[in-house]
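# Close look at the chain arrangement
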Amino acid sequence: MSRTWERWVPLSGVLSAVLILVGGMLTSGGPSVDAAASEISEWYVDRDTTILAGTYLVWLGALLVLPFAAFLGRCLHVGSDRSDWLPTTLV
């Protein structure tokens, strides 16, 4: 008998990818390397909330990779004999 939450675990991989991409977009796009120090510090001060939110989204996405990886590992090892090509390839 399957638990109800187990059918949602595969979606954690998709949600993880989305969170990491959105968080990465929020934290990217800084000033150029040869900008003045005052301009660089002003950019970080102005966007501190956005950078913090993006960082949290990336961390949450990274945490959601763990249940997806466990689900994927379990799916690949169920009934894995040497005639199955995918578990043999990944091992």
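Use the structure listed above.
Just so it is clear, the model here is predicted, and its values are computed rather than measured.

In terms of regular secondary structure, the chain is built from four helices and zero strands. For the chain, the α and β elements follow one another from N to C terminus as α-α-α-α. Across the 91 residues in the chain, those meeting the buried criterion constitute 16%. Put simply, 65% of the contacts in the chain that link residues at least 6 apart link residues at least 24 apart. Approximately 7000 Å² of the chain is accessible, and the part contributed by carbon and sulfur atoms is 70%.

Here we take up helix H1 (residues 11-27). Spanning 17 residues, H1 covers 24 Å between terminal C-alpha atoms, matching the ideal 24 Å at 1.5 Å per step. Among all positions of H1, only Ser-12, Gly-13, Ser-16, Leu-19 and Gly-23 are buried. Burial along H1 is one-sided: seen end-on, the buried residues are contained in an arc of 125°. Within H1, the exposed residues directed more than 90 degrees away from the buried face are Val-14, Leu-21 and Met-25. In this fold, the buried residues of H1 make contact with helix H3 (48-77). Looking one or two places after H1, you find Gly-29, whose phi comes out positive at around 85°.

Parameters at a glance
Residues numbered from 1 in each chain as written. Predicted model: local features only at pLDDT ≥ 70, side-chain atom pairs only at ≥ 80, totals over all residues. Heavy atoms only, no water. Helix = DSSP H or I, 4+ residues; strand = E, 2+ residues; numbered from the N terminus. Buried < 20%, exposed > 50% of the residue type's maximum accessible area, 1.4 Å probe, protein only. Contact = heavy atoms within 4.5 Å. Areas by Shrake-Rupley, 256 points an atom, 1.4 Å probe, with all protein chains shown as cover. Expected span 1.5 Å × (residues − 1). Arc of directions from axis to C-beta.

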